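# Fold and geometry: a report
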Amino acid sequence: MKIAISILIVVMLAFVGSLFFPKLVIISGSLIPIPTDMNQNFLDQVNECFLPTAAIYGYDPYITSGFRSMADQAKLYSEGRTASGTIITEAPPGHSLHNYGYAVDVADRKNGYTIDWTKLIKIAAYCHLESGGPGDLPHFEYRGGLSTNDFASGKRPPPLLLPCPVMIERARSGQSLTLADLKKCGTPEF
Ligand SMILES: [Zn+2]
């Protein structure tokens, strides 16, 4: 009986909390913040390492998709299933790292999707980012060994570190990163 009352109190507190803090979701009696934007550390890694390093090697990449809300993901997932169009994603809401702000999709300004993905994936790995694999080449994310269920329960990987500290200086001063910069602390391996 005491346990039932305790559970009831936790559920009620969680419910009341969710009314005052609408950016929280209740999972197993805990209040978990609902992400509403890109994770800043992940986005910095993309902007300070991934994109500038790719530019050094002849790419001109840009982000085509970043953060997606659960509603955005639901809409995307419905395409080709319950809505018209072709199937775009295999991930229902909550099962894509886009929903947690830890994924981006990219394309090249000049060559679209007709680029050397193998090399770009190695550049991503140099920046500690993970590829979406052969079935989702434009997708890059950072899960650090966590599952999407871990993300859903509020867990997050440790912050990403830049392979080359000069990347912060270049990004913040608006200067281009150079091959000479990279050579000071190690270039990607192809
Ligand atoms: Zn993606």
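Residues numbered from 1 in each chain as written. Predicted model: local features only at pLDDT ≥ 70, side-chain atom pairs only at ≥ 80, totals over all residues.

A few words now on the overall build of the protein. Within the protein, the regular secondary structure consists of seven helices and six strands. Sorting the 190 residues of the protein into buried and exposed places 24% on the buried side. Counted over contacts in the protein with a minimum sequence separation of 6, partners at least 24 positions apart contribute 59%. (Helix = DSSP H or I, 4+ residues; strand = E, 2+ residues; numbered from the N terminus. Buried ≥ 20, exposed ≤ 12 C-beta atoms within 10 Å, placed from the backbone. Contact = placed C-beta atoms within 7 Å.)

So, on to the sheet that holds strand S3 (residues 61–65). Strand order in the open sheet formed by four strands is S3-S4-S6-S5, with antiparallel pairing between adjacent strands. Lying at the two open borders of the sheet, with one neighbouring strand each, are S3 and strand S5 (130–131). (Pairing = 2+ DSSP bridges.)

The residue Ile-88 is located in the loop between helix H3 (70–78) and strand S4 (103–108) in this model. Spatially, the C-alpha atoms of Ile-88 and Tyr-77 are 7.0 Å apart, while their sequence positions differ by 11 residues. Apart from residues no more than four positions distant in its own chain, Ile-88 is found in contact with Leu-76, Glu-79 and Gly-80.

With respect to the helices, strands and loops of the structure, Pro-157 is situated in the loop between helix H5 (148–152) and helix H6 (166–173). Along the sequence, Pro-157 and Gly-145 sit 12 residues apart, while their C-alpha atoms lie 7.6 Å from each other. If we ignore the near neighbours within four places in the chain, the residues touching Pro-157 are Tyr-142, Arg-143, Gly-144 and Leu-146.

Glancing now at the packing of helix H2 (residues 40–56) against helix H4 (residues 117–126). Remark: H2 packs on H4, axes separated minimally by 9 Å, with the N-to-C direction vectors making an angle of 140 degrees. When the axes of H2 and H4 are compared, the pair comes out oblique. In this structure, H2 crosses over H4, and the sense of that crossing is right-handed. Seen from H2, the contacting residues are Phe-50, Thr-53 and Ala-54; seen from H4, they are Leu-120, Ile-123, Ala-124 and Tyr-126. Of the residues belonging to the contact of H2 with H4, the class tally is six nonpolar, one polar and no charged. (Axes fitted to C-alpha atoms, helices over the stretch in contact; angles between N-to-C directions. Parallel < 35°, antiparallel > 145°, perpendicular 65-115°, else oblique. Left-handed = near helix turned anticlockwise from the far one by under 90°. Nonpolar A, V, L, I, M, F, W, Y, C, P; charged D, E, K, R; others polar.)

With that settled, the discussion passes to the packing of H2 against H6. One way to put it is that H2 packs onto H6 with a least axis distance of 9 Å and a crossing angle of 90 degrees. Considering their axes alone, H2 and H6 lie roughly perpendicular with respect to each other. Residues Asn-47, Glu-48, Cys-49 and Pro-52 of H2 lie in contact with H6, whose contacting residues are Met-167, Ile-168, Arg-170 and Ala-171. Of the residues assigned to the contact of H2 with H6, the class counts are five nonpolar, one polar and two charged.

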